[in-house]
Amino acid sequence: MDQPQTIKYYQTGTFTVGNRLLSEDQRSVQSGMERTNSLNSGHRACQGCGEALGARYAIDAAMRATGNKVICVNATGCLEVFSTPYPETSWQVPWIHSLFGNAAAVASGVAAAQRALGRDDVRVIAQGGDGGTTDIGFGCLSGMFERNDDVLYICYDNEAYMNTGVQRSSATPPAARTATTPALGPEPGNVFGTGKNVPLIAMAHRIPYVATASVANLRDLEAKVTRAMQIRGARYLHIFVPCPLGWGSASEDTIRLARLAVESGLYPLFEARHGKVTSRTTIRRPVPVTDYLKLQKRFAHLFGKAPDTVRIAQIQRMADQNIADFGLIE
Amino acid sequence: MDKPFAITLDPGSSLANKTGAWRTLRPLYVDRLPPCNHACPAGENIQGWLFHAESGDYEQAWRVLVEDNPLPAIMGRVCYHPCETSCNRGQLDEAVGINSVERFLGDEAIKRGWAFVPPSAESGKRVLVVGAGPSGLSAAYHLRRLGHAVTIKEAGPLAGGMMRFGIPKYRLPRDVLDAEVARIVAMGVKLEVNAKVANIADTMAAGGFDAAFLAVGAHIGKRAFIPAGEAARILDAVSVLRDMEGEEKPLLGRRVVVYGGGNTALDVARTAKRMGATEAIIVYRRTREKMPAHESELQEALEEGVLVKWLTTIRKVTDGGSLIVEKMVLDAKGFPQPTGETEELQADSLVLALGQDVDLALLEGVPGLEVKDGVVQVRANMMTGAPGIFAGGDMVPSERTVTVAVGHGKKAARHIDAWLNGTTYSPRPKHELAGIDKMNTWYYADAPKTVRPQIELARRTDTFDEVVHGLDETNALFEARRCLSCGNCFECDNCYGVCPDNAVIKLGPGKRFEFNLDYCKGCGICVSECPCGAIKMVPEPT
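Residues numbered from 1 in each chain as written. Chains lettered and ligands numbered in written order. Predicted model: local features only at pLDDT ≥ 70, side-chain atom pairs only at ≥ 80, totals over all residues. Heavy atoms only, no water.

Looking at an unreviewed UniProt entry, chain B carries the name Oxidoreductase YgfK, with the source organism given as Usitatibacter palustris.

In the nomenclature of an unreviewed UniProt entry, chain A corresponds to Oxalate oxidoreductase subunit beta from the organism Usitatibacter palustris.

Written as structure tokens, this is what we have:
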């Protein structure tokens, strides 16, 4: 695992996107004037869209890692709708869309076609939101894992179906209100104790590579995409992408929220090979979960005049459990 | 045109979709004023020169530095660095060692022989500078850069003023001082030593000077009435320090008492130690918190074994040579009040360090000059009540430090230049202050301060060698790179990287960035993720 901290003493070179003082090989893909801009300007994502950022970060990094030989298969969802309203597109890579649920299956087919053509240099990436991945496309995804098809599947997790008016998905965290889904029980949001953690499910398939990443940690994200493209077989990358519209957060807070999710322990960053965790990104400046929750209207019902200390404590326990399980604090 | 099945429209790029129309606020690149620059009495562009030092371009860093201050090697030793006190990094871990880097740059310049660039054109005007101390040298340098013919008349035998005759060698080696003075002289500044100006009006008329800058230091030690017998050996601190520069060193004895609480008191006590005194005791009327001396100097003095008797005053000196001292208490207002409780203190000599006065004899008979509390009153443009006669440094009302004096010299030079041209100088409006609330400090790597080595304590008190050593090239670079570049873009590429709309254009090394307002939706992520606070959101013009 390339910890970005290996770049030392360069003012901010460790954590910023680039830095004039860094040598070429120490710079991020995103700092380069020659980056692909896979998802180009003019797309119709909301102000401060985390998914637009995550998608560009990941696909640009994949383009560099493969010498620009990438085919993208896209599930239905925000990413598809805001980038490709017929007949225009923001994508500057070969890109195909089929249905909401079958991106993994289509990608498997594209990979098979490449094999049939005798091409092993062209790599295939499937991508979708958490709805298209954890719910609707889950069967196809599991099949792709089980067959070990040579595809990197990237899930951009904004924790709900945002394209259709903020409905809960199986990746929606407990206690988060959603706009158009009735509460499961007396309080808004999902119940505690269940939910679906697809990175862990992917690991259970014992596929060659599983990782989580965040738009707040670009160098970590790029390193993981790069590593994924060096591996053959089924790979899964889960990227945390805040959604200002669905979460009721300020558009300028997108990266701050992603950072707080990591630094609070709610969203652990790790890598796994063949079902075993092989590295984790430790928390640099630990924060309580309330720092993260308070910036979002979807958790506003927990605060107000009489804060819901029970639920806040439950969320803090989830974070603490992650910190313990993954060893996030040294 | 034949289109594939079910296709009716030509495919197109989203670039046709000018999403910038969604914007209600737009980002704007700004330069804010870093707190270090703001706090520097010499007006140094500290962030500006550290920027070049960070890339290892020390000569460029030095050249930016000396645009404001021609004495970096001296500054790096004697400045009390208010820049570091205000440094934003101090709120993260420790302030950037600005003073250490400055000294490193100053020493590099001496080592490598970097010279000032002489003026490209002569103005034909002649300016007289009285006094070759920090203020006079600074003014002479800046006036010379502006093309004026400058003559410094210095009463003493060597240039440097209080830097030579008030600051001990262990803080400022004389070869460093000589080198920085020589560089100013090499620019074409005429330096006349042993040239005391007895009457400013006569000297200006005789020399045909168009303007004058007076920078006479405060070389007269203040006296206090202390009843003393014939045999008592009472000296004043400035004389002691001045005599250290001559052939005959002052005789202080083995038990030396210094009366006062300023930096000069500490200088004398530390000097006495080095002269062989077994005891150097500072008698100060108030408490440590009230002491005007700088904490770092007090700390170094205490380490060297200087003793301090707090809340004590000297009542009289007996015929036997011992001192009668009285305990004091602070009243509600913080003023010391006598208690009547006395004790006897043995001393071979008593050195008074109670402040200094300026010899203003040269100003006699000049109409319009106003002297108050022993100093010359000047206007905002540093001009005295006499047209064309400016003053600065210790002889005007202000804090008496080398850096303040250097700042006066620069400021006066700009106003003198304007006055010579029949105009007025108005400084550019200052940028908004770059407070830490404007920054995103998450992006800065953790990096503790590099501490300058000191010579070991055992050797410190019996030699006049420099106490504090400098940084070397590697750790100077490290220290420079700890700078947060508050309020000024350092090209970290964050805005370019974090824009979800690719609406930031990277212009290439040294050229910073621009916004592509066709596509900027005004989300503000670039602002909140800019480490150094060099972007702000402003309302969209209507």
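Next comes the rest of the description.
So, on to the overall build of chain B. In terms of helices and strands, chain B carries 18 helices and 22 strands. For chain B, the spread of C-alpha atoms along the three principal axes comes to 120 × 55 × 45 Å. Evaluated residue by residue, chain B yields a buried proportion of 56% over its 542 residues. Taking the contacts inside chain B whose residues are at least 6 apart along the sequence as the reference set, 70% of them involve residues at least 24 apart. For chain B, the accessible surface area stands at approximately 22,700 Å², while carbon and sulfur atoms represent 53% of it. When the 62 basic and 69 acidic side-chain charges of chain B are each reduced to a single mean position, those positions are 2 Å apart. (Helix = DSSP H or I, 4+ residues; strand = E, 2+ residues; numbered from the N terminus. Buried < 20%, exposed > 50% of the residue type's maximum accessible area, 1.4 Å probe, protein only. Contact = heavy atoms within 4.5 Å. Areas by Shrake-Rupley, 256 points an atom, 1.4 Å probe, with all protein chains shown as cover. Lys, Arg positive; Asp, Glu negative; His and termini not counted. Charge placed at Lys NZ, Arg CZ, Asp CG, Glu CD.)

Residues and elements named next belong to chain A. Note that the residue after Tyr86, namely Pro87, is joined by a cis bond; omega there is 5 degrees. Along the polypeptide, Pro87 turns up in the loop between helix H2 (78-83) and strand S2 (88-89). Unusually for a residue other than glycine, Val166 sits at a positive phi of about 65 degrees. Note on placement: Val166 falls in the loop between strand S5 (151-157) and helix H6 (198-204).

Per-residue confidence for chain B gives a mean pLDDT of 93, with 99% of residues at or over 70. Here the complex is predicted with pTM 0.91, and the ipTM for its interfaces comes to 0.94. (pLDDT = per-residue confidence, 0-100.)

Once that is clear, we can look at the domain arrangement of chain A. For chain A, the assigned domains read domain 1 (1-31) and domain 2 (34-326). Taken over C-alpha atoms, the centre of domain 1 of chain A sits 24 Å from the centre of domain 2 of chain A. (Domains from an automatic or database assignment.)

Moving on to the sheet that holds strand S8 (residues 234-236) of chain B. All names here are of chain B. What the 5 strands build is an open sheet, ordered S8-S15-S9-S10-S11; its pairing is parallel. At either margin of the open sheet sits one strand with a lone partner, and together these are S8 and strand S11 (307-309). Across the sheet, the mean angle from the axis of one strand to that of its neighbour is 25 degrees, orientation sign disregarded. Sheet topology places strand S10 (residues 279-283) next to S11; 3 bridges connect them, and they run parallel. Looking at S11, one finds that Ile281 is bridged to Leu307. In the packing of helix H12 (residues 263-274) onto the sheet, the strands contacted are strand S9 (255-259), S10 and strand S15 (349-352), and the crossing angle to S10 comes to about 165 degrees. (Pairing = 2+ DSSP bridges. Axes fitted to C-alpha atoms, helices over the stretch in contact; angles between N-to-C directions.)

Once that is clear, we can look at the packing of helix H2 (residues 46-54) of chain B against helix H3 (residues 58-65) of chain B. Residue and element names in this part refer to chain B. Taken N-terminus to C-terminus, the directions of H2 and H3 make an angle of 170 degrees; their axes are 7 Å apart at the nearest point. Between H2 and H3, the angle falls in the class roughly antiparallel. For the pair formed by H2 and H3, the contact residues are Gly48, Trp49, His52 and Ala53 on the first element and Tyr58, Gln60, Ala61, Val64 and Leu65 on the second. Looking at side-chain class alone, the contact of H2 with H3 contains 6 nonpolar, 3 polar and no charged residues. (Parallel < 35°, antiparallel > 145°, perpendicular 65-115°, else oblique. Nonpolar A, V, L, I, M, F, W, Y, C, P; charged D, E, K, R; others polar.)

It is worth spelling out the interface of chain B and chain A at this point. Each partner contributes residues to the interface: chain B has 52 residues there, and chain A has 47 residues. Note on chain B versus chain A: buried area summed over both sides is about 4,500 Å², and carbon and sulfur give 49% of it. Of all residues in chain B, B:Trp442, B:Arg481 and B:Asn502 bury the most surface against chain A, accounting for 18% of the area lost on that side. In this structure, the connection of chain B to chain A is made through 4 salt bridges. Of the charged contacts in the structure, one is a salt bridge between B:Glu54 and A:Arg20, with a shortest N-O distance of 3.3 Å. Counting the contacts that link chain B with chain A gives 38 residue pairs in polar contact (both at pLDDT 80 or more). (Buried area = accessible area lost by both parts, 1.4 Å probe. Salt bridge = Lys/Arg side-chain N within 4 Å of Asp/Glu carboxyl O. Polar contact = N/O pair within 3.5 Å; in protein donor to acceptor, adjacent residues only side chain to side chain.)

Residue and element names in this part refer to chain A. Of all the 6 residues making up strand S7 (residues 235-240), 6 are buried; the element is thus mostly covered by neighbouring parts of the structure. Relative to S7, S5 runs parallel, the two sharing 6 bridges. Among the inter-strand pairings, Tyr156 is bridged to a residue of S7, identified as Ile239. Where strand S6 (residues 209-214) meets S7, 6 bridges bridge the pair, whose relative direction is parallel. Following the sheet pairing, Thr212 is matched in S7 by His238. With helix H7 (residues 218-229) bridging S6 and the parallel S7, this β-α-β connection has right-handed handedness. (Right-handed = clockwise from strand over helix to strand, strands pointing away.)

Per the stated rule, a full pass over the model turns up 20 aromatic pairs over all chains. Centroid distance B:Phe390 to B:Trp419: 6.2 Å. Interplanar angle 75 degrees. Geometry classified as edge-to-face. Taken together, the residues span a long stretch of sequence, with B:Phe390 in strand S19 (residues 389-391) and B:Trp419 in helix H14 (residues 402-420) at a distance of 29 residues. With a centroid separation of 6.4 Å and an interplanar angle of 35 degrees, the aromatic rings of B:Tyr444 and B:Phe490 are classed as tilted. With a gap of 46 residues between them, B:Tyr444 in the loop between H14 and helix H15 (457-460) and B:Phe490 in the loop between helix H16 (473-481) and helix H17 (494-498) connect regions that are remote in the sequence. Each member of the pair B:Tyr444 and B:Phe490 is classed as buried. Joined through ring pairs, the aromatic side chains of A:Phe240, A:Trp247, A:Tyr267 and A:Tyr292 make up one cluster. Residue placement shows A:Arg35 over the ring face of B:Tyr496; its charged tip is 3.9 Å from the ring centre. Positioned above the aromatic ring of B:Trp442, the side-chain terminus of A:Arg284 is 4.9 Å from the ring centre. (Phe/Tyr/Trp six-rings, centres within 6.5 Å; stacked < 30°, edge-to-face > 60°. Lys NZ or Arg CZ within 6 Å of the ring centre and 35° of its normal.)

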